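Read off the chains here:
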Amino acid sequence: MTNHTLQSSLGHYSFTSPFLNASGIHCQTQAELDDLAHCQALAGIVTKSATLSPRAGNEQPRYVDLANGSINAMGLPNLGYSFYLDYVQTDHGKPTILSVSGLSQAEMLTVLREIQHSGYQGLTELNLSCPNLAGHPQLAYDFAASKTLLTEVFRFFKKPLGVKLPPYFDLNHFGQIANLLNCFPIHHVNTINSVGNGLVVDIDTETVVTKAKGGFGGLGGAMVLPTALANVRALRQRLRPDIAIIGTGGVRSGADVFAHILCGADMVSVGTQVMKEGLGVYDRLAAELTAIMADKQYTQLADFRGQLKTLSASQRSSSRWTSQS
Ligand code: RRO
């Protein structure tokens, strides 16, 4: 295809394509991050969510590949925020998103203060949705607590800040989280984190498949695609237009990337499929997305971003008629 571009942006940050890694995927160690830096089809680097101090994470097994996705109970293993803050302050030839979290609101605030006082000028993302910490509920499911935290954060944090959200499953909750985020100078939302507290059962051994939390863990991959698309779409319909959206969840093909963008995603990140296929996945996704765009005679992502159509009454009856004829 000639004359097409996959050029993307998040606010004022430009990217050569819409492709990011999902935080947690191939982004914990120096070597993994360097692989991301050298992966040409990957437009930006997202770091593993970092805490104040290094963490070993939960016991193994803590990530299991499934036919239709994955389950993980990693438990926030990371090298501590100062490693990642150093890493993103070196030029890697592409934009970075520094993901941070914490076991308490006080810890999150401390880490964000350090970033505010540093020389880092890139994007930061506050993970409000880690599903795998025993005894620590996902903050973004508590709207009042999220509001209190963001109020405190934006008293001092003046750099571009996004939030990583868990999936919501109720239209009222989409409205509540969007109304809340619309009150703050949020740069972007990244939706969705894994679907929390699924349980995979091996009937041969009659056991769970991951060790921590009695086998409960976050679900990702193909099985969460419709949930991810719903969250991208519902939030795009409710958030301020200047709040960008990173669509995460269930991407296996260029068609899935196309669907995320059709629902309103500005960028798209890939998690489980990188675990299954390796970093070569991004070249394949770019080729597949480009082929779909060529077929539809789209030359840029803006030609179809957010343009998802719903079915009118006449379309519904005509398609029923067609299927019956
Ligand atoms: O490390 C994890 O267990 C983890 C995190 Br912080 C997250 O945000 N999402 C996820 O599926 N696993």
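Everything that follows concerns the structure shown earlier in this document.
Residues numbered from 1 in each chain as written. Predicted model: local features only at pLDDT ≥ 70, side-chain atom pairs only at ≥ 80, totals over all residues. Heavy atoms only, no water.

Visitor: Looking at this model, I keep getting lost on the site of the ligand. Mind explaining?
Guide: Around the ligand, a shell composed of K48, N72, M74, G75, L76, P77, N127, C130, P131, N132, N193 and S194 is seen. Separating an oxygen atom of the ligand from a backbone N or O atom of L76 is a distance of 2.7 Å. In the environment of the ligand, an oxygen atom lies 2.8 Å from a nitrogen or oxygen atom belonging to the side chain of N127. For the ligand, the protein covers 92% of the area, taking 310 Å² as the surface of the free molecule. Of the residues that constitute the shell around the ligand, the class distribution is five nonpolar, six polar and one charged. (Near = heavy atom within 4 Å. Polar contact = N/O pair within 3.5 Å; in protein donor to acceptor, adjacent residues only side chain to side chain. Areas by Shrake-Rupley, 256 points an atom, 1.4 Å probe, with all protein chains shown as cover. Nonpolar A, V, L, I, M, F, W, Y, C, P; charged D, E, K, R; others polar.)

Visitor: So what exactly am I meant to see when it comes to the packing of helix α5 (residues 171-181) against helix α6 (residues 225-238) here?
Guide: Each pair of packed helices can be summarised by the angle the axes make with each other and by the distance between the axes. Between α5 and α6, the least distance of the axes is 9 Å, while the angle of their chain directions is 50°. On the basis of the axis angle, α5 is oblique to α6. Our pair here, α5 against α6, has a crossing hand that is right-handed. Mapping the contact onto sequence places L171, F174, G175, I177 and A178 in α5 and A230, N231, A234, L235 and R238 in α6. Residues that form the contact of α5 with α6 fall into these classes: seven nonpolar, two polar and one charged. (Axes fitted to C-alpha atoms, helices over the stretch in contact; angles between N-to-C directions. Helix = DSSP H or I, 4+ residues; strand = E, 2+ residues; numbered from the N terminus. Parallel < 35°, antiparallel > 145°, perpendicular 65-115°, else oblique. Left-handed = near helix turned anticlockwise from the far one by under 90°. Contact = heavy atoms within 4.5 Å.)

Visitor: Teacher, can you tell me more about the environment of L126 here?
Guide: Within the secondary structure, L126 sits in strand β8 (residues 123-127). Residues L126 and S99, 27 residues apart in the sequence, show an inter-C-alpha distance of 5.9 Å. Discounting residues that sit within four places of it in the chain, L126 has contacts with V100, M108, L112, L149, L150, L161, G162, V163 and K164.

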